[in-house]
Amino acid sequence: MKLITFTNKGIYCPQGKFYIDPWRPVDLAVITHGHADHARWGMKKYLCHHFTKPILKKRIAEDIECQTLQYGEVLNINGVKLSLHPAGHIIGSAQIRLEYKGYVSVISGDYKVQDDGLSTPFELVKCNEFVTESTFGLPIYNWLEVDDLNKRMQSWVLRNQENQKTSVFIGYSLGKAQRVMKAVEGIGKIHVHYSIGKLNQAFEEVGIQLPDYEVPDFRENIKHVAGDIVIVPPALLDSNVIKKIPDAATAICSGWMQVRGARRWRSADAGFAMSDHADWKGLLQAIKATEAEIVHVTHGQTEVFSKYLNEIGIKSDVVETLYGDDDEEETEKEIIKD
C-alpha cells in the first residue's frame, strides 16, 4: 500500500488528499513544527499541534486559517486516521501518524530523543513505514546529556563574570534560544534580541514559563548589558550589533560545533554542541523502535545513513525533500528584518 508519496510539492497522502510540510501552496498542509523549512507561507489551511499555532501566526501571518490538535487526538480525513505524537524537537513539534485500512505511516519531521526540559519528550510510535530526518546521521555526532551541557554553559558564564565579560550566546530564535535561557537561569540577568523576544511570546501564550528576560533596543546604547547574559540569533554573528556589546565573550550553540568548530566558530570564543535534532544513537534508537518495514531518509546525511540502515537489515531508501538545517539561518534574517 502507498499511503504517502513524495511529490514536487511535498509529502502527499493521496487517500486523505493532504500534504505534510509542503514547500509549495496546497489546500491542506499538516505541519510537523514551526521552523520555516517545514512551515511555509501560502497554504489555504494549516493543521498542527495546539502549541505550534501561535508560532505560525507570528512567523507567517495572523490571519492564516489554522486547525489544531492535541497529542494523541485522532482526526478522520477522507477515511485516513491522522494523529500527532511528540517529536521532542521544539515546542509543539509532532510526528504525523497516518492509518488507513490497518496500514500505518509515520512522518517524523525533525526530532530528538533527548528530553530538553521544554519540549514534550519524544514518543516512540510503531508503524509500517517511517520517514526520518538524518541531519546528524553520522557516528561522530553524540550529544552530551542535557544536564552536563547546561553545567558547561553555566561554568563559561561564571568565568566570564569573574573576568568582567558579557556572555553572548548565539543560537536560533526558536528552540535553541529558549534552551539557553533555561540553562543559565538564575546565574545572571538575561537579555534577548527582538527576534527571540517575539517568539518567546509564542511560548508564553501556551503557558510555558520562561526565565525572566529583557529585550533591549540594540539600535540604542546598550552599555547597561555589561557583565550580563545576551542571546542573539546566528544572523547577527560578526555584525555591528555584537560589536556594540561591551566586553563581549561569544559562544555559538549548534550541533555543528561538535566537529566543525574550527570553521564554524569563526571569531567566537566558545562553542557548545547543542542540537534539537537526534544524534547518531538517537536516530537509530527511534528507527529500531518503530519496527518499520521501510524507512525513508530525508534531509541531512541521507546516502550514508540509508546505506547503513540497509547494511544492518533495515530496508531503507533516500527521498528528496526541501527541508534542511541551513534554511533556519535564512529565516533568522527574515525575522530580524521585520
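To be clear, the structure that these remarks concern was listed above.
Everything in this summary refers to the structure shown in the same document. Computed from a predicted structure; not experimentally measured.

### With respect to the sheet that holds strand E8 (residues 80-86)
Taken together, 7 strands build an open sheet; the order of strands is E7-E8-E9-E10-E11-E17-E18 and the sheet is mixed. Each end of this open sheet is capped by a strand with a single partner; those strands are strand E7 (74-77) and strand E18 (316-318). Across this sheet, the average inter-strand angle for adjacent strands is 25°, counted without regard to direction. Two strands pair when backbone bridges link them, and strand E17 (residues 294-300) and E18 are joined in this way by 3 bridges, in the parallel orientation. Bridging from a neighbouring strand, Val 297 pairs with Val 318 of E18. In the packing of helix H7 (residues 280-290) onto the sheet, the strands contacted are strand E11 (129-134) and E17, and the crossing angle to E11 comes to about 175°.

### Points about the pattern of salt bridges
Inspection of the entire model under this criterion finds 9 salt bridges. Across the pair Lys 58 and Glu 205 runs a salt bridge, and its minimum N-O distance is 3.2 Å. Taken together, the residues span a long stretch of sequence, with Lys 58 in helix H1 (residues 53-59) and Glu 205 in helix H4 (residues 194-205) at a distance of 147 residues. Residue Lys 58 is classed as buried on the basis of its relative accessible area, which comes to 16%. Taking the shortest distance from any N to any O, the salt bridge between Arg 179 and Asp 276 comes out at 2.9 Å. On the criterion of sequence distance, the pair formed by Arg 179 in helix H3 (residues 176-183) and Asp 276 in the loop between strand E16 (270-272) and H7 is long-range, its members being 97 residues apart. Given the relative accessible area of 4%, Asp 276 is considered buried. Counted as one network, the salt bridges with shared partners bring together Lys 112, Asp 116, Arg 179 and Asp 276.

### Overview of the environment of Met 43
Take Met 43: it is sitting in the loop between strand E4 (28-30) and strand E5 (45-49). Judged by relative accessible area, which is 7%, Met 43 ranks as buried. As a C-alpha pair, Met 43 and Val 26 span 17 residues in sequence and 5.2 Å in three-dimensional space.

### Here's the deal with the side chain of His 85
Of note, His 85 is situated in strand E8. In terms of polar contacts, His 85 uses its side chain to reach the side chain of Glu 123, at 3.2 Å. Excluding its chain neighbours within four sequence positions, the residues that come into contact with His 85 are Tyr 71, Gly 72, Ser 93, Ala 94, Gln 95, Arg 97, Glu 123 and Val 125.

### Here we look at the state of the cysteines
Applying the stated criterion across every chain, the model contains 0 disulfides. In this model Cys 13 remains outside any disulfide bridge; the closest cysteine sulfur is found in Cys 127, 14 Å from its own. On the basis of relative accessibility, which here comes to 0%, the residue Cys 13 falls in the buried class. Free cysteine: Cys 48, not disulfide-bonded; nearest cysteine sulfur from Cys 66 at 3.5 Å.

### Some remarks on the packing of H3 against H4
In contact at an axis separation of 10 Å, H3 and H4 are set at 80° when each is read in the N-to-C sense. Classified by the angle their axes make, H3 and H4 are roughly perpendicular. In contact with Ala 177, Gln 178 and Met 181 of H3, H4 contributes Ile 196, Leu 199, Asn 200 and Phe 203. Of the residues in the contact of H3 with H4, the class split is 5 nonpolar, 2 polar and no charged.

So, how was this worked out
- Along each chain, residue indices are assigned from 1 in the same order as the chain's sequence is written.
- Totals for whole chains, interfaces and linings use every residue, but because this is a predicted model, local features are given only for residues with pLDDT of at least 70 and side-chain atom pairs only at 80 or more, for both listing and counting.
- Computation of side-chain values covers all heavy atoms of the structure but excludes hydrogens and water.
- At least two DSSP bridges between two strands are needed for those strands to be called paired.
- Secondary structure elements are defined from DSSP: runs of H or I of at least 4 residues count as helices, runs of E of at least 2 residues count as strands, and each element is numbered from the N terminus.
- Angular values range over 0 to 180 degrees, each being the angle between N-to-C directions of two axes fitted as lines to C-alpha atoms, with helices fitted over their stretch in contact.
- Note on definitions: a residue-residue contact is assigned when non-hydrogen atoms from the two residues lie within 4.5 Å.
- By salt bridge we mean one thing: a side-chain nitrogen of Lys or Arg within 4 Å of a carboxyl oxygen of Asp or Glu.
- Think of it in three bands: with a 1.4 Å probe and only protein chains considered, a residue is buried below 20% of the maximum accessible area for its type, exposed above 50%, and partly exposed in between.
- Residues adjacent in sequence count toward polar contacts only when both atoms are side-chain atoms; beyond that, a polar contact is any pair of N or O atoms within 3.5 Å, and within protein one must be able to donate a hydrogen and the other to accept it.
- What counts as a disulfide here is a pair of cysteine sulfur atoms lying within 2.5 Å.
- Convention used here: angles under 35 degrees read as roughly parallel, angles over 145 as roughly antiparallel, angles from 65 to 115 as roughly perpendicular, and any remaining angle as oblique.
- In this classification, the charged set is Asp, Glu, Lys and Arg, the nonpolar set is Ala, Val, Leu, Ile, Met, Phe, Trp, Tyr, Cys and Pro, and all remaining amino acids, among them Gly, are polar.

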